[in-house]
Amino acid sequence: MVGAPKSRDSYRTIPVPENVRYCAINLRETPKKYIWEVKKIDSPCNPTYFRDKFKEELEKIPEVRVLTPHSCRHTYVSQMQALGVDLATIQSIVGHADIDMTQHYLHVQESIRQAAIKKFSEAFAREKTERDQMD
């Protein structure tokens, strides 16, 4: 719903990337009471309807597996981590009060794991080479 949040703790400052800022502005300036409405004017879209529509749209894209809207939150946190954003910053952006909740949403990608192993291996290979040169 466009309007006041449920509680004082629900207020969040969320940085919006320049290239999608127009979407946030459109949402803020909409004359509708609800962002997603059903056919009945001034009636909110219930979560089941939204989830069904979300699934319906994903099914139209053959290379995308069908997920729930909530999966987007897990993907966002995981992608931020893959881009090298530290966990405390991700926690701040997504609005989690506890870092454990942010970690719950994090799914480390295999490419990140492999890069970490490579970095570790290179660090010790470099150390061995430096020792060999000293001998």
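Given the structure is predicted, the values throughout are model-derived calculations rather than measurements.

Visitor: Before we move on, can you summarise the overall build of the protein with the specific residues and values?
Guide: Helix and strand content of the protein: 6 helices and 0 strands. Reading the protein from its N end, one meets helices and strands in the order α-α-α-α-α-α. For the protein, the residues scored as buried account for 13% of the 135 residues in total. For the protein, long-range pairs separated by at least 24 residues make up 36% of all intrachain contacts whose partners lie at least 6 apart in sequence. Of the roughly 11,200 Å² of accessible surface on the protein, 56% is carried by carbon and sulfur atoms.

Visitor: Report on the side chain of His-96, specifying residues and quantitative values.
Guide: Secondary-structure assignment places His-96 in the loop between helix H4 (87–94) and helix H5 (99–105). One polar contact links His-96 to Arg-73, side chain to side chain, over a distance of 3.2 Å. Once residues within four sequence positions are removed from consideration, His-96 is found in contact with Arg-73, Gln-91, Met-101, Thr-102 and Tyr-105.

Visitor: Would you mind going over the packing of aromatic side chains in detail, with residue names and values included?
Guide: By convention here, two paired aromatic rings are described through the distance between centres and the angle between planes. The full count for this structure, using the stated rule, is 2 aromatic pairs. For Arg-73, the ring lying beneath its charged end belongs to Tyr-105, and the centroid distance is 5.4 Å.

Visitor: Describe the environment of Val-77, and please don't skip the residues or the numbers.
Guide: Residue placement: Val-77 occurs in helix H3 (residues 71–82). Counting along the chain gives 10 residues from Val-77 to Leu-87, while the straight-line C-alpha distance between them is 8.9 Å. Contact partners of Val-77, with chain neighbours within four places excluded, come to Ile-90, Val-94, Thr-102, Tyr-105 and Leu-106.

Visitor: Can you lay out the side chain of His-74 for me, pointing to particular residues and giving the numbers?
Guide: Tracing the chain through its elements places His-74 in helix H3. Residue class for His-74 comes out buried when judged on its relative accessible area of 16%. The contact partners of His-74, leaving out residues within four places of it in the chain, are His-104, Tyr-105 and His-107.

Visitor: Please set out the pattern of salt bridges residue by residue, giving values where relevant.
Guide: Counted under the stated rule, the structure contains 6 salt bridges. Here Glu-110 ties to Arg-113 by a salt bridge, and the two come within 3.0 Å at their closest N and O atoms. Taken as a pair, Glu-110 and Arg-113 lie in helix H6 (residues 110–134) at a separation of 3 residues, close to a single helical turn. The class for Arg-113 is partly exposed, based on a relative accessible area of 48%.

Visitor: Provide a residue-level description of the nonpolar core, including the pertinent values.
Guide: Listed in full, the 7 residues of the largest apolar core are Val-77, Met-80, Ile-90, Ile-93, Val-94, Tyr-105 and Leu-106. Among the elements of the structure, H3 and H4 are those that each provide at least two residues to this core. For this core, the leading source of residues is H4, giving 3 residues. Residues within four places of Leu-106 in sequence aside, it is in contact with Val-77, Ser-78, Gln-81 and Leu-87.

Visitor: Break down the confidence of the model for the protein for me, citing the residues and quoting the values.
Guide: This prediction gives the protein a mean pLDDT of 82; 87% of its residues lie at or above 70. Put simply, H6 is where the protein has its lowest mean pLDDT, 79, and H5 is where it has its highest, 92.

What counts and what doesn't
- Residues numbered from 1 in each chain as written.
- Predicted model: local features only at pLDDT ≥ 70, side-chain atom pairs only at ≥ 80, totals over all residues.
- Heavy atoms only, no water.
- Helix = DSSP H or I, 4+ residues; strand = E, 2+ residues; numbered from the N terminus.
- Buried < 20%, exposed > 50% of the residue type's maximum accessible area, 1.4 Å probe, protein only.
- Contact = heavy atoms within 4.5 Å.
- Areas by Shrake-Rupley, 256 points an atom, 1.4 Å probe, with all protein chains shown as cover.
- Polar contact = N/O pair within 3.5 Å; in protein donor to acceptor, adjacent residues only side chain to side chain.
- Phe/Tyr/Trp six-rings, centres within 6.5 Å; stacked < 30°, edge-to-face > 60°.
- Lys NZ or Arg CZ within 6 Å of the ring centre and 35° of its normal.
- Salt bridge = Lys/Arg side-chain N within 4 Å of Asp/Glu carboxyl O.
- Core = buried A, V, L, I, M, F, W, Y, C linked by side-chain atoms within 4.5 Å.
- pLDDT = per-residue confidence, 0-100.

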